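Structural characterization, general
Now for the letters of each chain:
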Amino acid sequence: MYVPEKISPKIRSKIMSSIKSKNTRPEIAVRRLLWKSGKRYRIHDSTVAGNPDISNKRRKIAIFVDGCFWHGCNKCYVSPKTNIAYWDEKIIRNAKRRTNVLRSLLKENWAVVQIWEHEIKEDQESVLQKIELAWQNS
Ligand SMILES: [Zn+2]
């Protein structure tokens, strides 16, 4: 008998909530870093292309804090053991959507900073430096 591999709804919703939701742990960590260093920003501003996790319209700077799984990080992404096609397709779609967002932001002279989840876990100081560099130049 053929039994298709399926992720149970419970596990699926757990995965979805850990990778897709707003206000994820790495996102909050970045916000805290910025706030502490006196930078002010909006979160998920719907008037900015791609609703960046963090943005400052006056400075035209957009910061995306990306989950390593959800955004297919080169360093961390591993295809799930089940439903590989489903997940890979989703990740690729996310990447394409992101590319379009980047393109329109750059066209309007925005500075865009991408922070990976693993960077936050590894070295918050260099994350802040990366953002500061863009912040000062914008
Ligand atoms: Zn990563």
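Residues numbered from 1 in each chain as written. Predicted model: local features only at pLDDT ≥ 70, side-chain atom pairs only at ≥ 80, totals over all residues. Heavy atoms only, no water.

Things to note about unusual backbone geometry
Located in the positive-phi region is Asn51, a residue other than glycine, with phi close to 40°. Following the sequence through the fold, Asn51 ends up in the loop between strand S1 (42–43) and strand S2 (54–56). (Helix = DSSP H or I, 4+ residues; strand = E, 2+ residues; numbered from the N terminus.)

Some points on the packing of aromatic side chains
Per the stated rule, a full pass over the model turns up four aromatic pairs. Between Phe69 and Tyr77, the aromatic rings sit 5.3 Å apart at their centres with planes inclined by 40°, giving tilted as the arrangement. The partly exposed category is assigned to Tyr77, whose relative accessible area is 21%. When the ring of Tyr86 is compared with that of Trp87, the centres are 4.9 Å apart and the planes differ by 80°; the resulting orientation is edge-to-face. Judged by relative accessible area, Tyr86 falls into the partly exposed class, the value being 29%. For Trp87, a relative accessible area of 1% corresponds to the buried category. Cluster of aromatic residues (ring-pair linked, three or more members): Phe69, Tyr77, Tyr86 and Trp87. Lying across the ring of Trp35, Arg40 places its NZ or CZ 3.4 Å from the centre. For Arg98, the ring lying beneath its charged end belongs to Phe64, and the centroid distance is 4.0 Å. (Phe/Tyr/Trp six-rings, centres within 6.5 Å; stacked < 30°, edge-to-face > 60°. Buried < 20%, exposed > 50% of the residue type's maximum accessible area, 1.4 Å probe, protein only. Lys NZ or Arg CZ within 6 Å of the ring centre and 35° of its normal.)

Remarks on the pairing of strand S3 (residues 61–66)
Counted residue by residue, S3 has six buried out of six residues, so it is predominantly covered. Side chains Ile61, Ile63 and Val65 of S3 all project onto a buried face; the interleaved residues Ala62, Phe64 and Asp66 project onto the opposite face, where all are buried too. Where S2 meets S3, three bridges bridge the pair, whose relative direction is antiparallel. Within S3, the position partnered with Ile54 by the bridge is Ile63. Between the antiparallel neighbours S2 and S3 lie four residues, among them Lys60 with a positive phi of about 55°. The pairing of S3 with strand S4 (residues 111–116) spans six bridges and is classified as parallel. The partner of Ile63 across the bridge, within S4, is Val113. Chirality of the crossover, the property in question, places the unit of S3, helix H3 (residues 84–107) and S4 among those that are right-handed. (Pairing = 2+ DSSP bridges. Right-handed = clockwise from strand over helix to strand, strands pointing away.)

Comments concerning the confidence of the model for the protein chain
Here the protein chain shows a mean pLDDT of 88. Residues at 70 or above account for 85%. When pLDDT is averaged over each element of the protein chain, S2 comes out on top at 97 and helix H1 (residues 9–19) at the bottom at 60. (pLDDT = per-residue confidence, 0-100.)

Examining the coordination of the zinc ion
Coordination of the zinc ion by the protein is provided by Cys68 (SG), Cys73 (SG), Cys76 (SG) and His118 (ND1), with metal-donor distances spanning 2.0 to 2.4 Å. Of note is the zinc ion, whose four donor atoms meet at the metal with angles of 105 to 121° in an arrangement that counts as tetrahedral. Here the donor residues of the zinc ion share one chain and are spaced in sequence as C-x4-C-x2-C-x41-H. Each of the two residues, Cys68 as well as Cys73, counts as buried. (Donors = N, O, S within 2.8 Å, 3.2 Å for Na, K, Ca; no water. Tetrahedral: all angles 85-135°; square planar, octahedral: opposite > 155°, others 65-115°.)

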